[in-house]
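Remarks on the overall topology
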Amino acid sequence: MIEQLQNAVAEAETRLTAVTDLDQLKALDSEFLGKKSLVSSLKKQLGGLDPEERKVAGRAINDSRRRIEEAVAEARSRLDAEALAKRYEAERLDLTEQLHRIERGHYHLVTQARDRLEDVFVGMGFHIAEGPEVESAWYNFEALNIPEWHPARGSFDTIFVDLGEPEEVMLRSHTSPVQIRTMENQEPPIYIVAPGRTFRTDTADATHLPAFNQIEGLVIDRGITMGDLAGTIDSFVHAFFGGDVKSRLRPSYFPFTEPSAEFDISRPDGSWLELGGCGMVHPNVLRNCGIDPDEWQGFAFGFGIDRLAVMRYQLDDIRELVNNDVRFLRQF
Ligand code: PHE
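Quick summary incoming for the structure in this document. Predicted model only: the values in this text are computed from it and were never measured.

Each value, and the rule that gives it
Residues numbered from 1 in each chain as written. Predicted model: local features only at pLDDT ≥ 70, side-chain atom pairs only at ≥ 80, totals over all residues. Heavy atoms only, no water. Pairing = 2+ DSSP bridges. Helix = DSSP H or I, 4+ residues; strand = E, 2+ residues; numbered from the N terminus. Axes fitted to C-alpha atoms, helices over the stretch in contact; angles between N-to-C directions. Parallel < 35°, antiparallel > 145°, perpendicular 65-115°, else oblique. Contact = heavy atoms within 4.5 Å. Nonpolar A, V, L, I, M, F, W, Y, C, P; charged D, E, K, R; others polar. Buried < 20%, exposed > 50% of the residue type's maximum accessible area, 1.4 Å probe, protein only.

1. Examining the sheet that holds strand β3 (residues 159-161)
- The strand order β2-β4-β3 describes an open sheet built from three strands, whose pairing is antiparallel. The open sheet has two edge strands, β2 (134-136) and β3, and neither has a second partner. Averaged over all pairs of adjacent strands, the angle between strand axes in this sheet comes to 40 degrees, irrespective of strand direction.
- Here β3 runs beside strand β4 (residues 169-171); their pairing, made up of three bridges, is antiparallel. The residue of β4 that forms the bridge with Phe-160 is Met-170.

Structural data, given as C-alpha cells:
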C-alpha cells in the first residue's frame, strides 16, 4: 500500500508540473484527490485494519494527500502567474516609443547666455536684481543724472508710452534704472547684477535689435576704486569666455558715471571688441538715492546680452536670435 501511495504521489507531481490550463488542473485534482482517487478509497479501507496498522496506514494516506494538495496548489499559483503575465503583456503600452518621437527642447541661446552670466556673477558674490520694463523719466533718466535738457537723453532713442505727461513714461532704454531702484530699497553695501529686456527705436539690422537684453552691474561699498571695477570686469571675462580672453577699459562718457569707460574684450586675431559701458557711480546719482558719496563709493557697468551671444557663437546677424527659425535655434 505504501508503495502504491508513493507511486500515486510521484505520478501526481509529474503530471501537475506539466498542466497548462485550469481544466487540466481540475481533472487531475479529482483524479488524485476526489472520491474515486487512491487516497480516498484507501481511506475507506482503513476500518478493516487492526489498530497498529491503521495508525501507520492512516498517516501514510494523510501524508500523501497533503503532498498531492501541495502540488495542486503549486500548479495553480504557477498558472495564475502565467495568466497575469499574459494579461500584462497584452495590456502593455510602450511609452518609450512615444518619448522617442517627441523632441526635447532646450533654452534659447540668449537665455543660456543670461543664465551663464548670472552663474558667473553669483559665483563672484553678486545678487540678482530686477526692475520693471516700463519706467518713468525719473528712473530711466533724471535719477541717473540725465536731466531733461541733457543731450544724452536723445542718444538713448527712447520708445515712449502714451501715458501721463508727454515723454514721462517709457520702455526702459537700458537696465540702469535698476541701479536707482536697488539703491532706494537697500542699504549699502550693494553687490547686484540686473539682467533684463531693454528697448530703443533702433531698426533691426545685423547688429541692432529694437528689443534687446542688457545686464547691469552695481557695487556700492566703502573704498571702492576704478581698480575694483577693472578687476571685476577682468574676472568676469575670464570666467565667461575662458582664460586667454583679455579685457581693457577705454575712456568714455556717461552722465551717471564719473570717470566713465567703455570696456572691450580681445578677439583671437588680437583686435578688440567693444562690449559695454562702465564707470564709478556719479556722486549725484548716489545723492539722488539718499546715499552719502563721502561715505560710499561704487562702480557700475552695463552691456548687451544678445551681443554677447552673437560673439560667443560667432553669428553673422543678430536678427537670427529673434527669427525663431528652429533650424537655426536647434544648433545651440
Ligand atoms: N546704461 C548704459 C547704456 O546702456 C551702460 C552703462 C551702464 C554705462 C552702467 C555705465 C554704467 O549704454
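And the narrative resumes.
2. Quick notes on the packing of helix α1 (residues 2-17) against helix α2 (residues 22-33)
- Interhelical geometry of α1 versus α2 gives an angle of 175 degrees and a closest axis separation of 11 Å. The orientation of α1 with respect to α2, classified from their angle, is roughly antiparallel. Residues Ala-8, Glu-11, Ala-12, Arg-15 and Leu-16 of α1 touch α2, and the partners they reach there are Leu-25, Leu-28, Glu-31 and Phe-32.
- Tallied by class, residues from the contact of α1 with α2 come to six nonpolar, no polar and three charged.

3. Points about unusual backbone geometry
- Omega for the peptide link from Pro-188 to Pro-189 comes to 5 degrees, which places this bond in the cis form.
- Along the chain, Pro-189 falls in the loop between α9 (177-185) and β5 (190-199).
- Note the cis peptide between Glu-258 and Pro-259, where omega equals -5 degrees.
- Here Pro-259 is to be found in strand β8 (residues 257-266).
- Phi at Asp-157 is positive, roughly 45 degrees, even though this residue is not glycine.
- Locating Asp-157 in the fold gives a position in the loop between α8 (152-155) and β3.
- Of the residues examined, Asp-157 reaches a relative accessible area of 32% and is grouped as partly exposed.
- In this structure, Glu-167 is a non-glycine residue whose phi angle is positive, near 60 degrees.
- In this fold, Glu-167 is placed in the loop between β3 and β4.

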